[in-house]
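# Coordinate inspection notes
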Amino acid sequence: MTVESTAARTPRRSAGSKAGSTGTKSAGTTGTRSRGAAKGADPDLVQLLTPEGKRVKNAAYDKYVAGVTPDELRGLYRDMVLTRRFDAEATALQRQGELGLWASLLGQEAAQIGSGRALRDDDYVFPTYREHGVAWCRGVDPTNLLGMFRGVNNGGWDPNSNNFHLYTIVIGSQTLHATGYAMGVAKDGADSAVIAYFGDGASSQGDVAESFTFSAVCNAPVVFFCQNNQWAISEPTEKQTRVPLYQRAQGFGFPGVRVDGNDVLACLAVTKWALERARNGEGPTLVEAYTYRMGAHTTSDDPTRYRGDEERLAWEAKDPILRLRRHLEAAGHADEGFFAELEAESEALGKRVREAVRAMPDPDHFAIFENVYADGHALVDEERAQFAAYQASFADAEGV
């Protein structure tokens, strides 16, 4: 499998500070035009690397990546490649019956790695169930992500060890968790920031709107990072909103910015800017990473039923990994030896993940019945008996 296959602390300002108020001219204020956008691209789209891998200038955001070294660029590339390889292995394991479900991040590697590498160790992350790349950046072992999808645990890692919360399955609820946590951070007087990840579909949830309201009014140090991958399961973005998602922030009184979600350098720069605002007491920011879900919503989904191949092929030409590889090669920052070594590392990771999952115990099929009522319930007892009979029928069939 090839690595590019599609498989000094500043005191916090008060809530009344003008620095974070609506209408303040800053790098990401709603409506900001990206001077570095490629010809013909969305003028509101912050882009530092074109799909061809060409570095373009941006007066507002260049300073946030000015110190990125060739070694760090190779590190970003490595992060994306290994994340994609892990993701592909997890998808294959689900198809082989080793996992009950998997939510692939294919195509969204730049958004996750760029934003993930912008974080400090003391920042706190509230993910959805698809932030495998951010988990990688926070030092969560990939194999620990898989126990929940196998049904053998409820998470698999200690959130406080990596400042990375457990995956959230309920759509949009983690934005409320992040807002409350960020309000606590502000009351504690810390200068760390909080980031909440969610998708374009979750942006229609009331929880997200409530989070925007509370964070704005309370000047919470939180970054709302929306990965707009164009499809909320089977609903396109145009059926979710009448305006670009990042513009929604304006109505709540804080800045919003749209970034090329397939450009890891732009995602790194924009997220650094947003986190810096939060730490300086300037309140929340909405970042819309404009990207694409290359695969299915989850392994239970069939995207061919609601979108065409032409759309997918057009986005494949903007592949985030290929984009950075082109830049590395053109700049002379990586040679074939680097890519070959990374390919070997990628395969070793796939093997480790595969072996780890197969060594996990089988899930307890009856555990779900033990966690409904504290004192038991007649209906649950009946359902447990029905399920036991259903399970036993397979054993009978094997004995025939």
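Just so we're clear, the structure is a prediction, and the values are computed from it rather than from any experiment. (Residues numbered from 1 in each chain as written. Predicted model: local features only at pLDDT ≥ 70, side-chain atom pairs only at ≥ 80, totals over all residues. Heavy atoms only, no water.)

With that out of the way, let us pick up the side chain of Arg293. Mapped onto the fold, Arg293 is located in the loop between β8 (285-290) and α10 (309-316). Judged by relative accessible area, Arg293 falls into the buried class, the value being 1%. What Arg293 contacts, discounting residues up to four positions off in sequence, is Leu106, Gln108, Arg130, Asn229, Trp231, Ile233, Asp301, Pro303, Tyr306 and Arg307. (Helix = DSSP H or I, 4+ residues; strand = E, 2+ residues; numbered from the N terminus. Buried < 20%, exposed > 50% of the residue type's maximum accessible area, 1.4 Å probe, protein only. Contact = heavy atoms within 4.5 Å.)

The next thing to look at is the packing of aromatic side chains. Where two aromatic rings form a pair, the distance of their centres and the angle of their planes describe that pair. The full count for this structure, using the stated rule, is 28 aromatic pairs. For the pair Tyr77 and Phe339, a centre-to-centre distance of 5.4 Å together with 80° between the ring planes defines the contact as edge-to-face. Taken together, the residues span a long stretch of sequence, with Tyr77 in helix α1 (residues 70-95) and Phe339 in helix α12 (residues 336-358) at a distance of 262 residues. Phe339 matches Tyr77 in its accessibility class, with the two residues each being buried. Following the ring pairs from residue to residue traces out a cluster consisting of Phe86, Trp102, Phe149, Trp157, Phe164 and Tyr167. In this structure, Lys318 is placed above the aromatic ring of Trp315, and the distance from its NZ or CZ to the ring centre is 4.2 Å. (Phe/Tyr/Trp six-rings, centres within 6.5 Å; stacked < 30°, edge-to-face > 60°. Lys NZ or Arg CZ within 6 Å of the ring centre and 35° of its normal.)

Judged by nonpolar contacts, the single largest core of 67 residues is most densely connected at Tyr77, Leu146 and Leu324. Broken down by element, the residue count for this core peaks at 11 residues, all from helix α9 (residues 264-279). Core analysis: the second largest hydrophobic core is formed by 19 residues, Phe126, Ala196, Phe198 and Phe224 among them. (Core = buried A, V, L, I, M, F, W, Y, C linked by side-chain atoms within 4.5 Å.)

A few words now on the pattern of salt bridges. A complete count under the given rule lists 26 salt bridges for this structure. Residues Asp79 and Arg117 are paired through a salt bridge, measuring 2.8 Å at the closest nitrogen-oxygen approach. Of this pair, Asp79 sits in helix α1 while Arg117 is found in the loop between α2 (109-116) and β2 (124-126), placing the two residues 38 residues apart along the sequence. Ionic pairing is found between Glu336 and Arg325, a salt bridge with its closest N-O pair at 3.7 Å. A residue pair is termed long-range when its members are at least 10 positions apart, and Glu336 in helix α12 and Arg325 in helix α11 (residues 320-331) qualify at 11 residues. When salt bridges that share partners are traced, they join Arg85, Glu89, Glu347 and Arg354 into one network. (Salt bridge = Lys/Arg side-chain N within 4 Å of Asp/Glu carboxyl O.)

With that out of the way, let us pick up the environment of Phe149. Summarising the element assignment, Phe149 is placed in helix α4 (residues 146-150). For the pair Phe149 and Tyr129, spaced 20 residues apart in the sequence, the C-alpha separation amounts to 10.0 Å. Not counting the four nearest positions on each side in its chain, Phe149 is found in contact with Leu99, Gly100, Leu101, Trp102, Ala103, Tyr129 and Tyr167.

So, about the pairing of strand β4 (residues 222-228). Looking down a regular strand, the side chains alternate between one sheet face and the other. For β4, the tally of buried residues reaches 7 of 7 residues, placing the bulk of the element in the interior. Every second residue of β4 is oriented toward a common face, with Val222, Phe224, Cys226 and Asn228 on one face and Val223, Phe225 and Gln227 on the other, all of them buried. Across 6 bridges, the pairing between strand β3 (residues 194-199) and β4 is parallel. By the bridge assignment, Phe198 is partnered in β4 with Cys226. The parallel pair β3 and β4, bridged by helix α7 (residues 206-217), forms a crossover whose chirality is right-handed. Of the pairings in the sheet, the one linking β4 to β8 comprises 6 bridges and is parallel in character. Residue Asn228 lies in a different strand from β8, and its bridge partner there is Tyr290. (Pairing = 2+ DSSP bridges. Right-handed = clockwise from strand over helix to strand, strands pointing away.)

Before going further, it helps to examine α9. For α9, built from 16 residues, the straight-helix expectation of 22 Å at 1.5 Å per residue is met to within 8% by its first-to-last C-alpha distance of 22 Å. With 14 of its 16 residues buried, α9 lies for the most part within the structure. The residue sitting at the N-terminus of α9 and contributing the capping side-chain oxygen is Asp263; that oxygen lies 3.1 Å from the backbone nitrogen of Leu265. Just beyond α9, the residue with positive phi is Gly281, at close to 80°. (Expected span 1.5 Å × (residues − 1). Polar contact = N/O pair within 3.5 Å; in protein donor to acceptor, adjacent residues only side chain to side chain.)

Attention now moves to the sheet that holds β2. The sheet built from 6 strands is open, its strands ordered β1-β7-β8-β4-β3-β2 with parallel pairing. The strands lining the two open edges of the sheet, one partner per strand, are β1 (45-46) and β2. Most of the contacts of α7 go to β4, to which it runs at about 150°, and overall it touches β3, β4 and β8. (Axes fitted to C-alpha atoms, helices over the stretch in contact; angles between N-to-C directions.)

Attention shifts here to the environment of Asp302. On the secondary structure map, Asp302 appears in the loop between β8 and α10. Through-space distance from the C-alpha of Asp302 to that of Ile233 is 9.5 Å; in sequence the pair is 69 residues apart. Among the polar contacts made by the side chain of Asp302, one reaches the side chain of Thr304 at a distance of 2.6 Å.

In the Ramachandran plot, Gln230 falls in the positive-phi region, its phi being about 80° despite a non-glycine side chain. Secondary-structure assignment places Gln230 in the loop between β4 and β5 (231-232). One non-glycine residue, Ile233, lies in the positive phi region at around 60°. Positionally, Ile233 belongs in the loop between β5 and β6 (235-236).

Now for the confidence of the model for the chain. Averaged over the chain, the pLDDT score is 89; the fraction of residues at 70 or greater is 88%. Under a pLDDT of 50 for its full length, residues 1-40 has, in the predicted model, 100 contacts with residues more than four places off or in other chains. (pLDDT = per-residue confidence, 0-100.)

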